[in-house]
Amino acid sequence: MRFTYAEAMTQAKFYAPLAQAAEAAGYTSMTVADSLIYPRESDSSYPYTDTGDREFLEDKEFVETMVMCAHLFAVTSTLRLTPFVLKLPVRPPVLVAKQASSLAFLSDNRLGLGVGLSPWPEDFVTLGVPWERRGKRMDECMDVLRGLTSGEFFGYDGEFYSFPELKQSPAPTSPIPLLVGGHSDAALRRAVRKGDGWMHAGGDGEELDRLLTRLASIRAEEGDTRDDFEVHVISYDAYDPDGVKRLEDRGVTDCIVGFRVPYILGPDTEPLAKKVEHLERYAESVISRVS
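Here's what I pulled together on the structure shown here.

Calculation criteria
Residues numbered from 1 in each chain as written. Predicted model: local features only at pLDDT ≥ 70, side-chain atom pairs only at ≥ 80, totals over all residues. Heavy atoms only, no water. Buried < 20%, exposed > 50% of the residue type's maximum accessible area, 1.4 Å probe, protein only. Helix = DSSP H or I, 4+ residues; strand = E, 2+ residues; numbered from the N terminus. Pairing = 2+ DSSP bridges. Right-handed = clockwise from strand over helix to strand, strands pointing away. Lys, Arg positive; Asp, Glu negative; His and termini not counted. Salt bridge = Lys/Arg side-chain N within 4 Å of Asp/Glu carboxyl O. Polar contact = N/O pair within 3.5 Å; in protein donor to acceptor, adjacent residues only side chain to side chain. Contact = heavy atoms within 4.5 Å. Patch = residues over 30% accessible without salt bridge, like charges linked within 9 Å, V, L, I, M, F, W, Y side chains within 5 Å. Areas by Shrake-Rupley, 256 points an atom, 1.4 Å probe, with all protein chains shown as cover. Phe/Tyr/Trp six-rings, centres within 6.5 Å; stacked < 30°, edge-to-face > 60°. Lys NZ or Arg CZ within 6 Å of the ring centre and 35° of its normal. Charge placed at Lys NZ, Arg CZ, Asp CG, Glu CD. Core = buried A, V, L, I, M, F, W, Y, C linked by side-chain atoms within 4.5 Å. Arc of directions from axis to C-beta.

A look at the pairing of strand E10 (residues 230-233)
Okay, so step 1: Residues of E10 alternate between two faces, with Glu230 and His232 on one and Val231 and Val233 on the opposite face, all of them buried.
Okay, so step 2: By the bridge criterion, 3 bridges tie strand E9 (residues 197-199) to E10 in an arrangement that is parallel. Across the sheet, residue tryptophan 198 finds its bridge partner in E10, namely valine 231.
Okay, so step 3: Chirality of the crossover, the property in question, places the unit of E9, helix H7 (residues 205-221) and E10 among those that are right-handed.
Okay, so step 4: Taken together, the 2 bridges between E10 and strand E11 (residues 254-257) define a ladder with parallel strand orientation.

Side note on the side chain of glutamate 122
Okay, so step 1: Tracing the backbone shows glutamate 122 in helix H4 (residues 121-126).
Okay, so step 2: Among buried charged residues, glutamate 122 stands out as having no salt bridge; its nearest opposite-charge side chain is arginine 54, 6.4 Å away.
Okay, so step 3: A distance of 3.2 Å separates a polar atom in the side chain of glutamate 122 from a polar atom in the side chain of serine 44.
Okay, so step 4: The contacts of glutamate 122, once residues within four sequence positions are left out, are Ile37, Pro39, Glu41, Ser42, Asp43 and Ser44.

Regarding helix H1 (residues 15-25)
Okay, so step 1: Buried within H1 we find Tyr15, Ala16, Leu18, Ala19, Ala21, Ala22 and Glu23.
Okay, so step 2: Turning to H1, the residues buried within the fold contact strand E1 (2-5), strand E2 (29-32), helix H2 (65-74) and helix H9 (272-290).
Okay, so step 3: Positive backbone phi, approximately 105°, marks glycine 26, located one or two places after H1.

What about a nonpolar patch on the surface?
Okay, so step 1: Residues Tyr48, Val261 and Tyr263 make up a contiguous nonpolar surface patch of about 270 Å² in total accessible area.
Okay, so step 2: Given the relative accessible area of 59%, valine 261 is considered exposed.

A closer look at the packing of aromatic side chains
Okay, so step 1: One pass over the full model with this rule turns up 15 aromatic pairs.
Okay, so step 2: Through a chain of ring-to-ring contacts, three or more aromatic side chains come together here, namely Phe3, Tyr5, Tyr27, Tyr239, Phe259 and Tyr282.
Okay, so step 3: Arginine 134 extends its terminal NZ or CZ atom over the ring of tryptophan 131, reaching a point 3.6 Å from the ring centre.

A look at a negative patch on the surface
Okay, so step 1: Judged by side-chain charge, Asp53, Glu55, Glu58 and Asp59 come together as a negatively charged surface patch.
Okay, so step 2: Relative to the helices and strands, glutamate 58 resides in the loop between E2 and H2.
Okay, so step 3: Judged by relative accessible area, glutamate 58 falls into the partly exposed class, the value being 42%.

Observations regarding the environment of methionine 1
Okay, so step 1: Following the sequence through the fold, methionine 1 ends up in the segment before E1.
Okay, so step 2: The exposure class assigned to methionine 1 is partly exposed, which follows from its relative accessible area of 26%.
Okay, so step 3: Measuring from C-alpha to C-alpha, the distance between methionine 1 and cysteine 255 comes to 7.4 Å, with 254 residues separating the pair along the chain.
Okay, so step 4: Contact partners of methionine 1, with chain neighbours within four places excluded, come to Val244, Leu247, Glu248, Val252, Thr253, Asp254 and Cys255.

Details of the sheet that holds E9
Okay, so step 1: Taken in spatial order, the 9 strands line up as E3-E2-E1-E11-E10-E9-E8-E5-E4 in an open sheet, and their pairing is parallel. Every interior strand has two partners, whereas the edge strands, strand E3 (80-83) and strand E4 (86-87), have only one.
Okay, so step 2: Pairing geometry for strand E5 (residues 113-116) and strand E8 (residues 178-181), over 3 bridges, is parallel. Within E8, the residue paired with glycine 114 across the bridge is leucine 179.

Digging into the nonpolar core
Okay, so step 1: By size, the foremost hydrophobic cluster in this structure holds 66 residues, and its most contacted members are Tyr27, Met30, Leu72, Leu113 and Trp198.
Okay, so step 2: Core analysis: the second largest hydrophobic core is formed by 5 residues, Met9, Tyr46, Leu57 and Trp120 among them.

Details of H2
Okay, so step 1: All of the buried residues along H2 are Thr65, Met66, Met68, Cys69, Leu72 and Phe73. Looking down the long axis of H2, one finds its buried residues gathered within 155° of arc, a one-sided arrangement.

Overview of the environment of proline 119
Okay, so step 1: In this structure, proline 119 sits in the loop between E5 and H4.
Okay, so step 2: Sequence-wise, proline 119 and proline 47 are 72 residues apart; in three dimensions their C-alpha atoms are separated by 7.3 Å.
Okay, so step 3: Leaving out residues up to four positions away in the same chain, proline 119 has contacts with Pro47, Lys87 and Trp131.

Observations concerning the environment of phenylalanine 259
Okay, so step 1: Among the secondary structure elements, phenylalanine 259 is positioned in the loop between E11 and H9.
Okay, so step 2: Separated by 252 residues in sequence, phenylalanine 259 and glutamate 7 have C-alpha atoms that sit 8.1 Å apart.
Okay, so step 3: Setting aside anything within four residues of it in sequence, one finds phenylalanine 259 in contact with Tyr5, Tyr27, Tyr239, His278, Leu279 and Tyr282.

Here it is in structure tokens:
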């Protein structure tokens, strides 16, 4: 089992020392959240909280995801970073491929690229991308990422993207894992058909059991027997060694753990030292006992 430290919507200056502390404590990865805009008015709801409220996002310090990854890779040497998740179809995929290849190359293949659909129609409107057929657009974006990050000549002719054969350099020395986020059946199937893993966004244990069962079913339907398929989950079971074993038995490869509820109005007031204390205590009580 691998362990990922999650911290989001805190002070931007905290992320570098937290990444260094997580690396020193024995975590494999750290998540990097993605948020592009905060509209003054919106009818949209957030899909991963009980109420759907989005007001907790206002004034939170979201450094652009790829920029934050570059910053954190520069101050660590072994820690993997997993964007959680990059809103892919609102971005130009050729540019994302260049960014991802550059990050993976400079970090010695420490990028696990979490990707997903934005739940916010405003993201699509603001960036000039149609909301309609966003799933198909997402599929094409993943095709482009897969082709261009290989370092070989690659051309594409799809519904949304079309270009002649071209190459980007430098390329990473290992393929960049594409980890698909989302709880819909389409997202789970996309993770199996086009991705290298799935990222769970949270929820109760019963829902997680359903999702893991469905993911296993889709993998069987698709004939997917990969040993390196990644399954990243958020679960209360991750907070004790016996629970970690239960998750491992369900095919989970990566536990995502955090130590506060980030969905709060106003600034995060927890001191940096307290955050480091939490992540170190977990490493001592769980990671060291199951590693």
